[in-house]
Amino acid sequence: MAFLLLSGCGYVGPVLPPSPQIPNRIADLSVVERGDKLLIAFATPPRTTDSLAIKRFSQIDLRIGPAPTPFDFDRWAQTAKSYPVALPPPGDPDDPQPIPLAETVPVSDWQGQHVVVAVRSAVKKGDHFSSWSNHVVLDVIAPLDPPVLQEPTATAKGVVLNWQGAGRDVHYRISRQAAGDKQPVDLGAADQPPFLDSTAQYDTNYQYTVVATEGTAESLPSNAVAITPVDKFPPSVPASITALSGPDSVEVSWQRSPESDLQGYYVYRSVDGGPFERQGELIALPAYSDHHVEHGKTYRYEVSSVDKKNNESEKSAPAEANF
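Conventions used here
Residues numbered from 1 in each chain as written. Predicted model: local features only at pLDDT ≥ 70, side-chain atom pairs only at ≥ 80, totals over all residues. Heavy atoms only, no water. Helix = DSSP H or I, 4+ residues; strand = E, 2+ residues; numbered from the N terminus. Rg over C-alpha atoms; globule rule 2.2 N^0.38 Å. Contact = heavy atoms within 4.5 Å. Lys, Arg positive; Asp, Glu negative; His and termini not counted. Charge placed at Lys NZ, Arg CZ, Asp CG, Glu CD. pLDDT = per-residue confidence, 0-100. Pairing = 2+ DSSP bridges.

Q: Honestly, the overall build of the protein chain in this entry has me stumped. Any pointers?
A: A count of helices and strands for the protein chain gives two helices and 24 strands. The C-alpha radius of gyration computed for the protein chain amounts to 36 Å, which surpasses the reference 20 Å derived for 323 residues by more than 25%, pointing to a less compact arrangement than a globule. Projecting the C-alpha coordinates of the protein chain onto the three principal axes gives extents of approximately 130 × 70 × 35 Å. Summarising the internal contacts of the protein chain: among those between residues at least 6 apart in sequence, 63% fall at separations of at least 24. Separation of charge centres in the protein chain, based on 26 positive and 39 negative side chains, amounts to 8 Å.

The structure is reproduced here in structure tokens:
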């Protein structure tokens, strides 16, 4: 009986200590100076250091302070200023997920200073904070004025943008939003105006903005300007025109025009110094055979290129053939 009783007892493991309830470290802190605000963003950790799901936070400790050299969290934290952060809503203990948070701080609090920003969190009151997050170092400068964007101009090479700058040694970032874009698209950067948007398409409405940047600081976006480029620009003038007399015709050829929207070419002819007259309809290939010729006469030819919007280029330099 004693053997049976002993053999039926369950195994009793070691007594586990209670969870320290310390959240994992925040690792995605970002800070941007935009206009007259510091924009601070991060996400709360979903679990504690011992992998327990976090349901509620008791405190979010966000601080900004002068950066000591060499940097040390303890020295920095002694003088850093705390900023209140609203606690996130309770999380789902069965499916813990990071919760994004964002706060703003006036630039005027730290203008002209070299500072460090860091954050930590707690789920249990008292000294149960996580480790400090990644720290962000930045020089807080006077707010940048937004550029003043002028009306854009459509050209054969794209849309040209000009603006009045911030009056400082800054760079600029240009964005564009079309009707189907949910967010503006970053087109690139410029040290100064003008900026050519060579990717703009004709008959598409675009809205442009420009932001001034200096170091980690950026201005608010400029005024938005809109344009719908219209193709009023002819293709390039045909080049390398030649005219060669054959047994019963004059063969005219030229270099193919490079435009992607090319529709074709018009050929113009002058006989014995007379006026140039267009020969027939639009032709697709860069070659023309003139069979309506007579011996003893001099023929001169000019060629123009035409795009799909029927924009016609200037006429080429003439090519001459004696038949």
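Back to the write-up after that little detour.
Q: Honestly, the confidence of the model for the protein chain in this entry has me stumped. Any pointers?
A: Reading predicted coordinates in detail is not appropriate for stretches of low pLDDT. Looking at the protein chain, the pLDDT average stands at 92 and 93% of residues meet or exceed 70. Averaged pLDDT values for the elements of the protein chain fall to 46 in helix α1 (residues 2-7) and rise to 98 in strand β2 (residues 37-44). Under a pLDDT of 50 for its full length, residues 3-9 has, in the predicted model, zero contacts with residues more than four places off or in other chains.

Q: Got a minute to help me understand the sheet that holds strand β24 (residues 319-322) in this structure?
A: Strands belonging to one sheet form pairs held by backbone hydrogen bonds; the direction of such a pair is parallel or antiparallel. Read from one edge to the other, the open sheet built from four strands follows the order β21-β20-β23-β24, with strand pairing classed as antiparallel. Strands at the two margins of the open sheet, each flanked by one partner only, are β21 (277-278) and β24. As paired elements, strand β20 (residues 262-271) and β21 share two bridges and run antiparallel to each other. Considered in β21, the bridge of Tyr268 is made with Arg278.

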